[in-house]
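Listed here are the chains, written in short residue letters.
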Amino acid sequence: MAIFNDDGVVAAVAVFVVFLATAVLHYLLPSPGPVKGYVVNEKTLKPLVYRLNGFRVLVVCVAAWALLPASLQTALARAPITAMLSGCAQGLVCSALWYYRGKSSRKGLACMRAPTLDTASKFSGPSASEQAAFEARPFGEAFFFGFEHNPRLVLPGGFAFDVKMWLYVAGAVLLELNLLSILANTPTPPTGLYIYIGLFSIFIAEYLFAEAVHIYTYDLFAERIGFKLVWGCLCFYPFAYIVGSWGAASSPNNLTTTQMVAVVAVYFVGWATTRGANMQKYVCKTSPEQKTFLGFIPMETVPGSNGRLLCSGFWGVARHVNYLGETLQAVALALPATLGGCSVGLLALAWTYPLYYALLFVARAQDDAQLCRRKYGDEVWQHYVKRVPYSIVPYLY
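Thresholds applied
- Residues numbered from 1 in each chain as written.
- Predicted model: local features only at pLDDT ≥ 70, side-chain atom pairs only at ≥ 80, totals over all residues.
- Heavy atoms only, no water.
- Phe/Tyr/Trp six-rings, centres within 6.5 Å; stacked < 30°, edge-to-face > 60°.
- Helix = DSSP H or I, 4+ residues; strand = E, 2+ residues; numbered from the N terminus.
- Buried < 20%, exposed > 50% of the residue type's maximum accessible area, 1.4 Å probe, protein only.
- Lys, Arg positive; Asp, Glu negative; His and termini not counted.
- Salt bridge = Lys/Arg side-chain N within 4 Å of Asp/Glu carboxyl O.
- Expected span 1.5 Å × (residues − 1).
- Polar contact = N/O pair within 3.5 Å; in protein donor to acceptor, adjacent residues only side chain to side chain.
- Contact = heavy atoms within 4.5 Å.
- Axes fitted to C-alpha atoms, helices over the stretch in contact; angles between N-to-C directions.
- Parallel < 35°, antiparallel > 145°, perpendicular 65-115°, else oblique.
- Left-handed = near helix turned anticlockwise from the far one by under 90°.
- Nonpolar A, V, L, I, M, F, W, Y, C, P; charged D, E, K, R; others polar.
- Pairing = 2+ DSSP bridges.
- Patch = residues over 30% accessible without salt bridge, like charges linked within 9 Å, V, L, I, M, F, W, Y side chains within 5 Å.
- Areas by Shrake-Rupley, 256 points an atom, 1.4 Å probe, with all protein chains shown as cover.

(A) Main features of the packing of aromatic side chains. Inspection of the entire model under this criterion finds 36 aromatic pairs. Summarising the aromatic geometry, the rings of Tyr 38 and Tyr 216 are spaced 5.4 Å apart at their centres and angled 25 degrees between planes, so their arrangement reads as stacked. Here Tyr 216 lies in the loop between helix 10 (211–214) and helix 11 (218–222) and Tyr 38 lies in strand 1 (residues 35–40), a separation of 178 residues in the sequence. Measuring from ring centre to ring centre gives 5.3 Å for Tyr 216 and Tyr 282, while their planes differ by 85 degrees; the resulting arrangement is edge-to-face.

This is the structure:
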């Protein structure tokens, strides 16, 4: 496996080129129109405006990859360790730069979450003592979690380059190119690999196509720009998420028609769950006057939550039913390696992906519970928990 030879150099440079290309394309490519988000500016309390062109960036990058000679199309797959190390190094450098920016310019407020449309009227910022404690955090904590929620760089033409949105796009595009490189580098791909890459590509494309929905989700108002998010998007996301592809690519058996249908079915059950839940919440936040979702699901909310805490439809099943859907999608992506009969080691790696999601979402659900309890108050929150008793999995958790 190449690390420091010519293949390794090409792979390392390719990762840098992808990150640079996504940044340039995010700046240059038009979007369907400026979209006002859920998060507001911490100073002006006006909604942040987004250029949502992630899907177009993905299409251009994939088209450019398709025009490359085979030797370059497979570069990431021929030297995966070097490519990963390149992403890791760039993630570390960017994390350090954003730590320095936040620390030296005292950017970022000591709020558990960024102010949003429904909290802006009551937002007063942290107290002086809270802000002082925030800025005096130990290096490890400050470096890992960061300072700013939604930093932006003002570029020529007045374009506000949203760093967080670029990170998501850059990670997603590199993940897709990694998958395509693995497929191109596999001489005789098993059917399981086609299913795996097809479903994962749908996941990536749909995620970027529906950016307008995602600007109303947890990541945008709760995550800060620190090592966790920067390194996570530039290294962990595009390289750790593909672990299931290794088992799918090396499986000795092709999947039967029944197995392929089963894998696709599990994936789309998960997709329908998470997409349906996120769309219902999106409608609730953007069109609060709407009484039903999809024409038949009542839009009921918990009394005292100002019409924000949904407790019907998808959100009447579990308080974080969208996490269940994403975990089911991850399970589906572990199945091609499982059913194809890959080695035990690669099988174990394939299942680290859904396991990671399960651990991530349990922790995130607990964090979100603290945020919501503080936002809505104990009485409203307890009423909500009584109305919707399960956190992620109905009747289990």
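(B) Representation of the side chain of Asp 368 in the model. With respect to the secondary-structure elements, Asp 368 resides in helix 16 (residues 344–376). An unpaired buried charge is present at Asp 368: no salt bridge exists, and Lys 281, the closest side chain of opposite charge, is 5.8 Å distant.

(C) Structural detail: helix 8 (residues 163–184). In a regular helix each residue adds 1.5 Å, so 22 residues correspond to 32 Å; helix 8 covers 31 Å between its end C-alpha atoms and thus fits that length. With 20 of 22 residues buried, helix 8 lies mostly within the body of the structure. The opening residue of helix 8, the one whose side-chain oxygen lies 3.1 Å from the backbone nitrogen of Lys 164, is Asp 162.

(D) Structural view of the environment of Cys 311. Locating Cys 311 in the fold gives a position in the loop between strand 6 (297–298) and helix 15 (321–340). Sequence-distant contacts of Cys 311, defined by excluding residues within four places in its chain, comprise Glu 300, Thr 301, Val 302, Gly 316, Tyr 384, Arg 387 and Val 388.

(E) Representation of the pattern of salt bridges. Summed over all chains, the structure comprises 11 salt bridges. Arg 364 is paired through a salt bridge with Asp 219; the nearest N and O atoms lie 2.9 Å apart. Of the two residues, Arg 364 sits in helix 16 while Asp 219 sits in helix 11, which places them 145 residues apart along the sequence. You'll find Arg 364 and Asp 219 in the same group, each marked buried. For Glu 300, the salt bridge is made with Arg 387, and the minimal N-O distance between the two is 2.6 Å. Placement of the pair is Glu 300 in the loop between strand 6 and helix 15 and Arg 387 in helix 17 (residues 378–387), with a sequence separation of 87 residues. Overlapping salt bridges, with partners in common, bring together Asp 219, Glu 223, Lys 228 and Arg 364 in one network.

(F) Just the packing of helix 9 (residues 191–209) against helix 14 (residues 257–286), in detail. Helix 14 packs onto helix 9 with a crossing angle of 15 degrees between their chain directions and a minimal axis gap of 11 Å. Between helix 9 and helix 14, the crossing angle belongs to the class labelled roughly parallel. Crossing of helix 9 against helix 14: the hand is right-handed. Judged by residue contacts, Thr 191, Ile 195, Leu 199, Ile 202, Phe 203 and Glu 206 of helix 9 engage Met 260, Val 263, Val 264, Tyr 267, Phe 268, Trp 271 and Arg 275 from helix 14. Of the residues assigned to the contact of helix 9 with helix 14, the class counts are 10 nonpolar, 1 polar and 2 charged.

(G) The arrangement of the pairing of strand 4 (residues 159–162) in detail. Examined bridge by bridge, strand 3 (residues 152–155) and strand 4 share 4 bridges and lie antiparallel to one another. Bridge assignment links Leu 155 to a residue of strand 4, and that residue is Phe 159. Adjacent in sequence and paired antiparallel, strand 3 and strand 4 are bridged by 3 residues, among which Gly 157 carries a positive phi angle near 90 degrees.

(H) Spotlight on the pairing of strand 2 (residues 47–50). By the alternation rule, side chains of strand 2 split into Leu 48 and Tyr 50, which are all buried, and Pro 47 and Val 49, of which none is buried. Two strands pair when backbone bridges link them, and strand 1 and strand 2 are joined in this way by 3 bridges, in the antiparallel orientation. By the bridge assignment, Val 35 is partnered in strand 2 with Tyr 50. Counted between consecutive antiparallel strands, the loop separating strand 1 from strand 2 contains 6 residues, among which Leu 45 sits at a positive phi close to 60 degrees.

(I) Broad picture of a nonpolar patch on the surface. Together, Val 9, Val 13, Phe 16, Val 17, Leu 20, Val 24 and Leu 28 line one region of the surface with nonpolar side chains, adding up to about 610 Å² of accessible area. Structurally, Val 9 is set in helix 1 (residues 6–28).

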